[in-house]
Amino acid sequence: VQLQASGGGLVQTGDSLRLSCAASGRTFSSYAMGWFRQAPGNEREFVAAINWSGSSTSYADSVKGRFTISRDNAKNTVYLQMNSLKPEDTAIYYCARPYGLGSIPESKYEYDYWGRGTQVTVSS
């Protein structure tokens, strides 16, 4: 499984960005997917996750109401729509696939496939 995140960039406070994560392989639609982020000097933290069908999602409190995770199984792609961006959202964003089926885990330790990450920088 290979994951490739894209869509990051430099934006201003209040702007929007949509991240994409394209996955290789035939099992994409069987697994939940998650987005994490890591700012300099900080640990990688959970942002959002979505179950295999897209019918259930989970968000970190810090992004609830501003970010939306979605997926298109026909395109093997998961998205993260980020609105009302704040400087504290600045980080490298990673998509990931958990090692288990049927759940939408929030712990990074439950994910075993990771993309390379895409940089999001929000200026004040």
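Residues numbered from 1 in each chain as written. Predicted model: local features only at pLDDT ≥ 70, side-chain atom pairs only at ≥ 80, totals over all residues. Heavy atoms only, no water.

A. Region of the structure containing the state of the cysteines. With the rule as written, the count across this model stands at one disulfide. Between the sulfur atoms of C21 and its disulfide partner C95 the distance amounts to 2.0 Å. One quick way to see it: the torsion about the S-S bond of C21 and C95 is about 60°, and its sign makes the bridge right-handed. You can see C21 sitting in strand 3 (residues 17-23) and its partner C95 sitting in strand 9 (residues 91-98), a full 74 residues away along the chain. Neither C21 nor C95 differs from the other in exposure class; each is buried. (Disulfide = S-S within 2.5 Å. Helix = DSSP H or I, 4+ residues; strand = E, 2+ residues; numbered from the N terminus. Buried < 20%, exposed > 50% of the residue type's maximum accessible area, 1.4 Å probe, protein only.)

B. Region of interest: the packing of aromatic side chains. This model, assessed by the stated rule, comprises four aromatic pairs. Look at F36 and F46: their rings are 5.7 Å apart centre to centre, the planes differ by 75°, and that puts the pair in the edge-to-face class. Of this pair, F36 sits in strand 4 (residues 33-38) while F46 sits in strand 5 (residues 45-50), placing them 10 residues apart in sequence. Relative accessible area serves as the criterion here: at 11%, F46 is assigned to the buried category. Seen in terms of ring centroids, Y111 and W114 are 6.0 Å apart; in terms of plane orientation they differ by 55°. Their pairing is tilted. Taking the relative accessible area as the measure of exposure, W114 reaches 28% and is therefore partly exposed. Taken together, the ring pairs connect F36, F46, Y111 and W114 into an aromatic cluster. For the cation-ring pair, R44 lies above Y94, with the distance from its terminal atom to the ring centre recorded as 3.7 Å. (Phe/Tyr/Trp six-rings, centres within 6.5 Å; stacked < 30°, edge-to-face > 60°. Lys NZ or Arg CZ within 6 Å of the ring centre and 35° of its normal.)

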